[in-house]
Amino acid sequence: AVAVAPDMGPVRFVLKRVRRPLTLVLCEPATGWNRARGMIPLDGAGCAVSIDGAKATLKALPRNSHLQRCYAAAAVVTEGANEVTLEVRASGGAHLAARVSQVIWSSSEP
């Protein structure tokens, strides 16, 4: 899992070969050592997610595993772009961090 601490600033993921319409799923650890006591939920007030600079709305998927929680991300994305930038930013105290365990997006390649 990638930790996103408040003092890091935004963590950027450049997603290549994006297919339209963009389907994006963002996951965080649900159990185990990756889910730390001070973990900020991705859909919580202490975490901001944006796609190409536009605020993204995260909606919890109806079925999650015991290993990770996943969210569908929605934002207005520029048409025609071959890649998009996903940014995750955390805010809060020094011992807090969001964690990203998986990013899945619709790709133009199989």
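Residues numbered from 1 in each chain as written. Predicted model: local features only at pLDDT ≥ 70, side-chain atom pairs only at ≥ 80, totals over all residues. Heavy atoms only, no water.

*Asks:* Let's hear about the pattern of salt bridges: which residues, and what values?
*Replies:* Inspection of the entire model under this criterion finds two salt bridges. Put simply, Arg12 and Glu87 hold a salt bridge, and the shortest N to O gap is 2.7 Å. In this pair, Arg12 is assigned in strand S2 (residues 11-15) and Glu87 in strand S8 (residues 84-90), connecting sequence segments 75 residues apart. A relative accessible area of 53% means that Arg12 is categorised as exposed. Linking Glu83 and Lys16 is a salt bridge whose minimum nitrogen-to-oxygen distance equals 3.0 Å. (Salt bridge = Lys/Arg side-chain N within 4 Å of Asp/Glu carboxyl O. Helix = DSSP H or I, 4+ residues; strand = E, 2+ residues; numbered from the N terminus. Buried < 20%, exposed > 50% of the residue type's maximum accessible area, 1.4 Å probe, protein only.)

*Asks:* Summarise the nonpolar core; cite the residues concerned and give the values.
*Replies:* Ranked by size, the top nonpolar core spans 23 residues in total, and within it Leu15, Leu26, Leu42, Val49, Leu86 and Val88 carry the most contacts. At the level of elements, S2, strand S3 (24-29), strand S4 (47-51), strand S7 (68-74), S8 and strand S9 (98-100) are the ones that each hand at least two residues to this core. Sort the elements by how many residues they give to this core and S8 lands first, with four residues. In contact with Val88, other than residues within four places in its own chain, are Val4, Gly9, Pro10, Val11, Phe13, Leu26, Leu42, Cys47, Ala48, Val49 and Val100. (Core = buried A, V, L, I, M, F, W, Y, C linked by side-chain atoms within 4.5 Å. Contact = heavy atoms within 4.5 Å.)

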